[in-house]
Number of protein chains: 2
Amino acid sequence: MPERRVTMADVARKAGVSPTTASFALSGRTDMRISDASRERVLVAARELGYRPNVTARSLRTKSTQTIGLVSDRITTTPFAGDVIRGALEAARERDHLLFITEAGGDREAESSLVHALLDRQVDAVIYASMFTRYITPPKELYGRRVVLLNCLAPGFDAPSAVPDEIEAGRDAARALLAAGHTEGIWSIGGHQAVPATPEGIIAGNERMRGLEEVLRAGGARLDGVVECDWDTRDGHREVTALLAAGHRPRALVCMTDRVSLGAYQALGEAGLSVPGDVSVVSFDDQDIASVLRPALTTLKLPHYQLGRLAVELILGEGPLEAVVHRVPMPLQDRASIGTPAEG
Amino acid sequence: MPERRVTMADVARKAGVSPTTASFALSGRTDMRISDASRERVLVAARELGYRPNVTARSLRTKSTQTIGLVSDRITTTPFAGDVIRGALEAARERDHLLFITEAGGDREAESSLVHALLDRQVDAVIYASMFTRYITPPKELYGRRVVLLNCLAPGFDAPSAVPDEIEAGRDAARALLAAGHTEGIWSIGGHQAVPATPEGIIAGNERMRGLEEVLRAGGARLDGVVECDWDTRDGHREVTALLAAGHRPRALVCMTDRVSLGAYQALGEAGLSVPGDVSVVSFDDQDIASVLRPALTTLKLPHYQLGRLAVELILGEGPLEAVVHRVPMPLQDRASIGTPAEG
DNA sequence: GCAACTTGCTAATCCGATTTAACAACGGAG
DNA sequence: CTCCGTTGTTAAATCGGATTAGCAAGTTGC
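Residues numbered from 1 in each chain as written. Chains lettered and ligands numbered in written order. Predicted model: local features only at pLDDT ≥ 70, side-chain atom pairs only at ≥ 80, totals over all residues. Heavy atoms only, no water.

An unreviewed UniProt entry lists chain A under the name Alanine racemase, from Streptomyces flaveus.

A.B. asks: Got a sec to walk through the interface of chain B and chain A? Specific residues and values, please.
C.D. replies: On the side of chain A, 53 residues touch chain B, which itself brings 54 residues to the contact. In total, chain B and chain A occlude about 4600 Å² of area from one another, counting both sides; carbon and sulfur atoms represent 55% of this. At the junction of chain B and chain A, the tally comes to six salt bridges. A:Asp120 serves as the salt-bridge partner of B:Arg5, at 2.9 Å between the closest nitrogen and oxygen. Of all elements in the fold, only α4 (55-62), α5 (82-94), β2 (98-103), α6 (108-120), α9 (233-245), α10 (258-270) and α11 (288-292) of chain B reach the threshold of two or more residues within the side of chain B that touches chain A. Sort the elements by how many residues they give to the side of chain B that touches chain A and α6(B) lands first, with eight residues. (Contact = heavy atoms within 4.5 Å. Buried area = accessible area lost by both parts, 1.4 Å probe. Salt bridge = Lys/Arg side-chain N within 4 Å of Asp/Glu carboxyl O. Helix = DSSP H or I, 4+ residues; strand = E, 2+ residues; numbered from the N terminus.)

A.B. asks: Tell me what's going on with the protein's contact with DNA strand C, and back it up with residues and numbers.
C.D. replies: Taken together, 26 residues surround DNA strand C, and among them A:Met8, A:Arg61, B:Thr21, B:Ser35 and B:Ser38 come closest. A:Ala57 places a polar main-chain atom, nitrogen or oxygen, 3.2 Å from a base nitrogen of DNA strand C. At the level of elements, α2 (19-27) and α4 (55-62) of chain A together with α2 (19-27) and α4 of chain B are the ones that each hand at least two residues to the surface near DNA strand C. Here the surface near DNA strand C gets five residues from one element, more than from any other, and that element is α4(A). Per-class residue counts for the surface near DNA strand C are ten nonpolar, ten polar and six charged. (Near = heavy atom within 4 Å. Polar contact = N/O pair within 3.5 Å; in protein donor to acceptor, adjacent residues only side chain to side chain. Nonpolar A, V, L, I, M, F, W, Y, C, P; charged D, E, K, R; others polar.)

A.B. asks: Tell me about the relation of the copies chain B and chain A, and name the residues and values.
C.D. replies: Superposition record for chain B on chain A: RMSD 0.1 Å, screw rotation 180 degrees, translation along axis 0.0 Å. As the rotation angle and translation indicate, the two copies are arranged about a two-fold axis. Here 98% of the contact residues of chain B are again contact residues in chain A; the copies associate through an equivalent surface. (Least-squares fit on C-alpha atoms with pLDDT ≥ 70 in both.)

A.B. asks: Now, about the protein's contact with DNA strand D: what can you tell me, with residues and values included?
C.D. replies: Taken together, 28 residues are adjacent to DNA strand D, and A:Thr21, A:Arg33, A:Ser38, B:Met8 and B:Arg29 come closest. At 2.8 Å, a side-chain N or O of B:Arg29 approaches a phosphate oxygen of DNA strand D. Residue B:Tyr51 places a side-chain N or O atom 3.0 Å away from a sugar or linking oxygen belonging to DNA strand D. Among the elements of the structure, α2 and α4 of chain A together with α2 and α4 of chain B are those that each provide at least two residues to the surface near DNA strand D. Looking at the surface near DNA strand D residue by residue, the classes come out as eleven nonpolar, ten polar and seven charged.

A.B. asks: Give a description of unusual backbone geometry that names residues and reports values.
C.D. replies: For the peptide bond that leads from A:Arg294 to A:Pro295, omega is -5 degrees, which places it in the cis range. With respect to the helices, strands and loops of the structure, A:Pro295 is situated in the loop between α11 (288-292) and β10 (298-301). With an omega dihedral of 0 degrees, the bond running from B:Val275 to B:Pro276 counts as a cis peptide bond. Mapped onto the elements, B:Pro276 comes out in the loop between α10 and β9 (280-285). In this model, A:Asp96 sits at a positive phi of 60 degrees, which is unusual for a non-glycine residue.

Next up, the structure:
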């Protein structure tokens, strides 16, 4: 049976001082004068009794619970976004904070009620997270609170955002292709996701394409074509198959996700084309499959761990939060799917 | 700025009653006599003021925080185990509870300090979770507390466990093969994981193999061989390649994980063998790739969502927890990788 | 008509800390 | 020998609820 917890009163009694003195000694405040002797006695008593402060009781007075709430749509669900949680968890632990994780499944009402549940428990701050980068409107309960937006943007809402630097990732994809000598026969599979399954999901597509085209153009190259489609394996397979069937002979594919790349690999394989011998592939996201495909996929990694970590670091930083957009680099995972262009 | 929260005292004042009456009216207790008129006035006042009880303050008195802690080694990290979190989250939400998620990375000291951090915050109960099924020793801080073990077993520790029913899964794999007509040329790739990267990680392997062999034998079939190896893509690829090179001609592979299956697919493909025309494949886990491979992989799903949900349901159930092992079924995801045995 | 209940409500206390205000004891200045 | 400031300590209030004990007023019993 969990025996009664040791309270500060127990410590004070054992040390032969008042609870007030014990409190000051334990909190180590210097503005209240406690003799070294008393302080020592309290500390020893606390150690011997295995005293641990009751955070709940403390926070009733201080208002601070050393606790952060994280509200997401479905962030824990997506296969690799667990990294967001891990980054946030580690950063929180380094600072002796705990995280409430919640998931609203995209339901506004659930979102509100979860935020209430968090506020009822006196969380110090809230991280509002999205599964994919998009514009959002935070629930009204969050206005005026200490908030950081993770993987989403809310213009007009006074809070910092942490998002992947998709534009620079697009540029890096182009640079990797140019460096290997690619200047023509370059196709984008997935494009801007202009007709996406998710109407808000256009940030990643637009920004990746913008960076890609900018650097390609500056390097004297260009895109032969952009295939607009959804971003799943099936789409990649279908569209690349169609592309080849239409008589095109691409030298390099820029696939907008690793899942699209997998579909592209399958379609190329079925057509007897090899990667990267016949066709180079560069991708985005760095999901699990990327490193396991044959050949291993060169891709720009979504910095989930860093995003989670940054969100916590921002929220636990000193001073007021400023409505700044923090763009986190997407590192190039340089593997084996880019080669020199195949001969005519 | 977040204006001062509405307290029960505010509600009482507005309703013209004492805080005591307000408390009773709001908590809806029937053992204290409150007139319908007063109750109604309090409820209206609370609604108009948007009153929400301060859970922190309440729990100081009641000891219950409506909060559960989850301690895991690295559960948020593994690609698909986010489902565990989701299951737990949903079950908790249905019961108006919130979850503290923590991750100790396998470090005993970190584990202890996290459990302390949870207890300091007065969590009602703790779920101790493992990434893969294994035997564990819970940190001593958990003894005598309300605990459920998720995906792990601790003989002698007085708490229920929720684990996948690996034995039955092994049986189901065998049944699926038998049903398709396979009786010979059956190989296990991965085996018991008798020399595993993780010395504790033998439960899944042993139990899957046990169920598999039991039903195969009862069905008049048997295993031609068991290839003991680690359970990753690379291992599957290497071992199946070696198997074929040694002149064996398997009709069905039982791969111990989907990653092993992916490796097997690659090796079979390179050898010009087709799935399931030449070789059938049945697998375990049902990771993301399983449904996306070509042909889609028939596999026994690790019931992560159900495990998470069950753990919470157990912990929030009435009465004392009993040290029972709950085996959660692993449903067969019947896809396209099993066919009738190839001729001679 | 008075004791014994019932009904409806509230004052006071508690939970475990933090924090404010005040109070002894002592030393030095004048 | 006072007066004042310093030092070390503590009583009491506070945070926002839950709970216990008790108190008026109205009802019933005989």
